[in-house]
Every structure is written in structure tokens, then in C-alpha cells.
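Architecture at a glance
Here are the chains, one letter per residue:
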Amino acid sequence: MSKLNRRRFLKGVGAAAIAIPHVITSEALGAEGRPPASDRITMGGVGMGGQGSGDLRGFMGDKRVQVLAVCDVKHGALAGCQNSVNGRYKNKDCKGYLDYRELIARDDIDAIVCGTPDHWHAQVTIDAMKSGKDIYCEKPLSLTIREGRKMVQAARRFGRVFSCGSQRVIGDYGHLAKAANSGRYGKVLVAHANPGGPPRHCHLPGVPIPPNTIEWDMWLGPAPWAPYNPYRCGRAYGLGGKGFRTWYDYSGGMMTDWGGHKFGGALHGLKLDHTGPTDVLYPDGKDVKMLTYVFKNGMKLVHGGGQKYICEGGEAKPIRGEAVPPGLRWYEDGANYPIRDLANCIITRKRPFRDVEFAHRTATICHLGNICYMLKRSLKWDPDKEEFIGDAEAQKLIDRPRRGPWQI
Amino acid sequence: MIRKLTIILAVGCLLSPMAMGDVWQDLAKYEYGDESNAAAEAHKLLQETPVAQHAAIETKLIALVSAKDSTQTGKAWACRYLQQIGTEKCIPAVAGLLGDKILSHYARLSLEMIDSPKASAALLAALPKVSEKLKAGIIISLGNRKEATAVKAIAPSLASKEAGTAAAAMRSLAMIGGKDAAAILAKAKAPDALLAVLLESQIVCAESLEKTEATKICGAIFANTKNSNAIRVAALRGLIRADGKKAAPIVVTIVKDEASPMRRGVLQLTATEPCPELTAAVSDALSAMPAPCQIEVLDVLGQRGDIKAIKGVSALYSSSSTDVKLAAYKTAGRIGDTGCIKPLAELTNDKDHGISQKAVAALGIIDNDAVDKTLASLIGDPKLGPGVINALKRRGCTSVTAEIIKLVESGSTETKIAGWTPWATWPQTRISTR
């Protein structure tokens, strides 16, 4: 396999500051079994809260990866992550940035981890791809349907490898997908997935920003202006109102946050993560008990009822150690987690298991569900054109105008 | 009876939006954290109101937005609700907010999404009147609306001293596309910090043009070696889309060159860009590439999934490198050629465990019933049996369970070992219907 020739890669790249660690450690020179510097994947982290910093730690566990810089608009998160990276490498070389644009302008960074809140995913990753970076982005991929498609387009236009998160698609639900596709139960008819519900609007009062804690305007970014409140931008999970995941302007709620895992797993097992539904049926309490997505091939995906597949021969029950049936996508090259998978794919240029297209189709399922719940009626969807059919009211919700100057 | 009717009428009035004047009055005075919780109440009312009655709510929201004494927060929330239910009627009121530092974006929530030329007209009318910074947002909205009539109005902002506004102008012209936008972008000058944005915009705009024009633009950007690798890769993609025949040899040159700084990006393009000339050119050039390149390019051809690559791929079946051979068979399987099955079956019995494992894995992923049938026919061959059984296990195929049981009872030690090694889907009661 040919080596990643990083020094040649730097040649010819447009004008930007090239930052080189002051001290080339013995690790950089290849001691302790680590690959030499020219075979490394250099990485930056943007959005280094709980999940983002955890992902970065995961990448640092791969001997091929060297983290050079991190960025966060929360001063505490930035300092904490910087210290963590420096502690790992036993030096002080990790550079910290409050503005991700400075980080992605660096020519010596090959890839970034994006762990920002959802409303920033599109902007950060698209800008990074335009600067020639490969991407690991946390799920859910996007805040709107149109954003997701633009992320795919940017990956293809700039020839980038882009993996979205969700270790659970295989980690937690892969055994169900194997069982469903084993042939033991015949054809798959319906998949059930049970992420939680939609977000809500935030009405929290504004409070003074404690000094040197957060770059508030930057945290808001493309989202509408609103006053600072720690619970507006907090890291808390769930819809309890103490974190960004509760709020419509920054997240799709649990529908997207857990949908990235659960709908992702269901679509993977249905082998439909390259397309979308034609109908989204709102629960009317009569014929439709739970929100239901209907696909062109007749398969259905139901929001609720656990996580399972119902086949012609009944519910697919997994068997321990079952083989991966042919035709069911899986990790390759010894990867068992999306982080390692991306690191492999950056070198081999293979399509990662959670390639941006599959992540986009998963996120679209989540967004369609949220739109259906918001409008309280069924929807008709064209999965090829990615438009609602004859539904101007729904079509308005396919994207959200961004606050200037943010544009993707 | 009359009393009942009166009660029904009174309840109806109470529930109608026209009677819920308090909610909208509260919203007009609303600030975050107010006890009235007017924004949440208004949203709840909106969700509960049938679509046929939205027009009445729209009228209330328009009045709120237009009133001088409504709070900024109240107007912001009114704009949010107009994003959902707003029609042409709300355009004049909402457009009046475009010059406000905070409310300009809220105004665009509806203006950008209303399907009416009047919305574009309102945005255009506001453009020369707002501050240089706020222009960025309006231009973004015009770009997202792909408003062709806005091209001339946007053009002057290419030279804006506000970098965000200049960048918005470039990208919006690209999104609008067409000859006029392309001509303006071609003549534009950009400071160093925005050069990549300008070039990217020219490439995106080219996608809307005739192929000869697109070829010219993308070809020139690619050829300029002072441009960044990221931009040159994007330009090459544009060239592939406009003129695959011209682009294909360039792609081949880059993927063959292990030292090329664009190689990684171009390999990705090769995997994803639908272009028959690309399949032919890359697969024809396979034999002349060094072995490590061949393996990478074979995988990329597998991702392309184009059966037309089979001629070039199958030429590598006779490679002196087993790794290349394996990669070629694997790719052949992925693109739908069944000629690889028997050679792979032979390799599943290779003395080198690494090779046999790779062959088993390669057979494992081919999504074709012919594989199971062919492998089943080979089980009885004493030289191939053990490896073939492993491949069938890897595929989870249970339709040949009976044959395998017969074989392990009478077969060689290797066959017995392969047959009796735990096989998760062995249970005879669950026979595959695949």
C-alpha cells in the first residue's frame, strides 16, 4: 500500500500559516512502534465538549494519528482538551483556537473531528472539506435536510473521505441486522426504531455572560440570535431543557440525536440507507398507530415499538457469532468502530461504513419525522429529488435561512 | 336548546384565534423570561389551529411585526411563526425589518422560503439600503432562492470590504448560476483570503453552463498549479463532469503517481464520479501501475460498481502478486462478475493463512446467489472442500448443510475440521430460503 506522502501534499497548497510543533518528539520520529511522521494522519478537533473530546481521545489511541490542534468557543472546554492532548503526548504542542477557521486553514492538518452542536456541523465540515480536510463528524449529521445534501456534495466535489459517527449502528444493532438478512426469517417487512421525540423552542431568559467563558456570537453561529443562557448551550443529554439538544434552533431533539443511532441501525438492516421513503404517515390512532415511513419497495420503518425487524417468518432473533450475510455493508480492514474505520479510509480512500451519504439519508429520516410531527399530518416525499410532493408548507421546512455571514 | 347553542357558540368564540387577542397582545410585549410565556402560548395556539384559520393568525402577526411599539423579541417570534404560515401578504411588513441588526435574519426566515417573486423583489429592494454587513444575509437568501434577477444587484458586493459580504456574493452568484453570473465571476478579483472562495464559486457556477464553457473554466483552474490542491481537485471533478474524455487521462496520470499531492482526492473522485470514460481509462491503465497502486485502484473500481471495468480487472488475475490477484477477484465479485468465484475458491485453500482468509472474506461479501451455488458444487472436491466450507460459513449459507454433514463424515481431516468448527447458522431447523 502506498504511503501517505504528507510533505509533498503540503507543496502547492494555497497560502496559509504552516504551524509545526516546536519539538519533534521521539514519538514523532517513530519510536515506541509508532509510524514515522510521514505516515501519520494529523488531526484537529473542532467542538471539544464531552462527545467531541471523547472522539478525539479515540483517535489518539490510533498510533497513526497525531492531534495537532483543537478548537472550542467555550474557554473551559478548549483548555481542558488542550491539556488532555498535551498530557497524552507529554508535550505542550497542541495549539488551541477559539475560531475554527484558523484551525482548518492549517496546511499541516489532514483531517478534523467535528463535535460541535448540530447547528454547526454543516458549516464546519463543509469549510474544512474546502480546505482539503477529511472529516469525522458526530451524529446527527445535520440540522436540516438540505444541509445534509450539501455536505455530501462538498465531500464529492473536493474528493474527501467523510465519516459520520454512530458506533451503535453495528455496535448495538448490527446483530439484529445480521439476523434480519440471514435468510432464516425470509424477507424483511418492517423495521422498528425507537429514538425519542422532537425538540422544542427555547424561551429561556438571558443572563449575563460570565467573563472569559464563551464566545457567544460564535456559539450561535448560523442560528438565530438569542440571549445567552447556560441551559441554552449546555451539554446535557435528553429533552430536559438543560442542554442544546432540547432546542429547535440547535438540534433535532432526541429524534435526531438517538435517531442517528437507531434509525441508522434500522436503515442499515433494511439495506435502504442509500435512499428514502415515499410516504411519512402521521399516526391517526386508527390505521396508523405510530409514525411510519413507507419505502418504494414496500418495506416500512416505524417510529416506536422497540428496535427490531419483523420478517415474513416473524421477528428476527439474532444468534451469537452469526456471520455477516453477503450484501450487508460492514466495517472492513479490521475496523470495529467508526473511528478506526475512518483512520483506515483516510489512508486507503475507501468509503467508510458511515459514509456521509448514508448518514445523510439517516438524518433525513429523522428530519422528515420531526416535520411530520410539527405539521401533524402525513407527507409525501420524493427520495430522488429530495423534495416534498405538492406540499409548499412542508417544503419550507426543508432548510433554515442562516444568519449572515454564515453560508454553505 | 337555545341555552345549549349559546354555550356552544361562546366556547367556539373563546377557542377562535380572533378571540385569543390576549396571546398576540402579550407576544407584542414579550421579552425572554416573561411570566406570560407568550411565545410558547402563541406557538401552542398555532399548532392547534386548523390550516384553514391560519390566515387570521397571519393577520395578527403582520400587525405585530408592523407595530412600532412591539418589542424586538416579540417581533422575532412573530417572524418565526410567519416562517411556517406566512404568505405573500406578510412580505411588506417583514421586509421592513431587513435593516435591523438582529431582526434582519428573522425577517429572512420567511422571506427566503416564501415561494413568490414578491419575496425576491423585497430582498432586492432592501439590498442597497442596509449596512454592508447585513447585505451578506440578504445576498445569501437571494442565492438560496436561485434568484436570476438578482445577479446584477449582487455583483457590486463582490468588491465589498466586508469579507463575509464579498464571499456571500461569490457563492450566491455560483448558486444562481447561468452565463451572466459566470461572466461576472470570471472578471472578479479577490484578495488572497477570498481567492479560494472565488475559484470554488467559478467551479460551482460552471456546473450550470454548457459543457464547452464548463470545460474551459474548470480546465483553466485545474491547470493553474498555483491554486490549492483542494481547488484543483474540485476543478478536475468539474472537468470530469463536463468532458470525461478529456479528464480521464489526467485522472489516470494522477492515480498512477504515488507522490502526487492530489492523489488522495482524485482517488475519491474516481470512486464516486459517474463517467463511463473514467471507468474505461482507469481500468485499461491498471496493468501498467505499480502493485500498491493497483490494489488501491482496484478497490476504487469496486466502489464504482461498473461492470465495464472487468476487462482491465481480469487482466490482473495473472498478476505475480497474490495480494493484487485477490484484490482483482474481490473487485470482480463486487462489480458482478462471477468468473472470480472458482479462482477465489482455490485461494481459500492456500497454505498461507492470510491469503486463504482474504479469499474467504472476498467471497463473503459478493451479493450474488451464483456464489452459493458454485461453492456448493465444489464442496466434494477434496482439494477445495475445506476452504469452500469456510467460505460458505462466512456467507452464512445453510442450504448445503446436508451435503456438508455427509462430507465431514467421510472426508479428510481438514474437511472434518472445517465442517465441525462452530458455525452459528448451522442448526438444521433453520434452513435458508435465500
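Parameters and conventions
Residues numbered from 1 in each chain as written. Chains lettered and ligands numbered in written order. Predicted model: local features only at pLDDT ≥ 70, side-chain atom pairs only at ≥ 80, totals over all residues. Helix = DSSP H or I, 4+ residues; strand = E, 2+ residues; numbered from the N terminus. Rg over C-alpha atoms; globule rule 2.2 N^0.38 Å. Buried ≥ 20, exposed ≤ 12 C-beta atoms within 10 Å, placed from the backbone. Contact = placed C-beta atoms within 7 Å. Axes fitted to C-alpha atoms, helices over the stretch in contact; angles between N-to-C directions. Nonpolar A, V, L, I, M, F, W, Y, C, P; charged D, E, K, R; others polar. Right-handed = clockwise from strand over helix to strand, strands pointing away. Pairing = 2+ DSSP bridges. Domains from an automatic or database assignment. Expected span 1.5 Å × (residues − 1).

On to the overall build of chain A, then. Looking only at helices and strands, chain A has 14 helices and 14 strands in total. Computed over its C-alpha atoms, the radius of gyration of chain A comes to 22 Å, within 12% of the 22 Å expected for a compact globule of 408 residues. Dimensions along the principal axes, computed over C-alpha positions, put chain A at roughly 70 × 55 × 35 Å. For chain A, the residues scored as buried account for 53% of the 408 residues in total. Sequence-distant contacts in chain A: of pairs separated by 6 or more residues, those separated by 24 or more amount to 73%.

Right, let's talk about the packing of helix 17 (residues 263–272) of chain B against helix 19 (residues 291–304) of chain B for a bit. All names here are of chain B. Viewed as axis vectors pointing N to C, helix 17 and helix 19 meet at an angle of 35 degrees, and their least axial separation amounts to 7 Å. Residues Leu-267, Thr-270 and Ala-271 of helix 17 touch helix 19, and the partners they reach there are Glu-296, Val-300, Gln-303 and Arg-304. Grouping the amino acids of the contact of helix 17 with helix 19 by side-chain chemistry returns three nonpolar, two polar and two charged.

We now examine the pairing of strand 5 (residues 134–137) of chain A. Residues and elements named next belong to chain A. With burial as the criterion, each face of strand 5 is covered, one bearing Asp-134 and Tyr-136 and the other bearing Ile-135 and Cys-137. As for the winding sense of the linkage, the β-α-β connection from strand 4 (residues 111–114) through helix 5 (residues 118–130) to strand 5 is right-handed. Summarising the sheet, strand 5 and strand 6 (residues 162–164) pair through three bridges and their orientation is parallel. Paired with Ile-135 across the strands is Phe-162, a residue of strand 6. For the handedness criterion, the β-α-β arrangement of strand 5, helix 6 (residues 145–157) and strand 6 is classed as right-handed.

Turning to the domain arrangement of chain A, a few remarks are in order. Residues and elements named next belong to chain A. For chain A, the domain assignment lists domain 1 (6–167) and domain 2 (169–198 + 255–398). In this complex, domain 1 contributes 31 residues to the contact, which on the side of domain 2 involves 31 residues. Looking at the side of domain 1 that touches domain 2, the elements that each hand over two or more residues are helix 2 (50–60), strand 5, helix 6 and strand 6. If you tally residues by element for the side of domain 1 that touches domain 2, the top one is helix 6, at seven residues. Per-class residue counts for the side of domain 1 that touches domain 2 are 14 nonpolar, eight polar and nine charged.

A word on helix 6 of chain A. Along an α-helix, residues three or four apart share an orientation, since each turn contains 3.6 residues. The terminal C-alpha atoms of helix 6 of chain A lie 19 Å apart, and with 13 residues this matches the ideal 18 Å at 1.5 Å per residue to within 8%. Among the residues of helix 6 of chain A, A:Ile145, A:Glu147, A:Gly148, A:Met151, A:Val152, A:Ala154, A:Ala155, A:Arg156 and A:Arg157 are the ones counted as buried. Contacts from the buried residues of helix 6 of chain A go to helix 5, strand 6 and helix 13 (356–375) of chain A together with helix 15 (229–242) and helix 17 of chain B. Positive backbone phi, approximately 60 degrees, marks A:Gly159, located one or two places after helix 6 of chain A.

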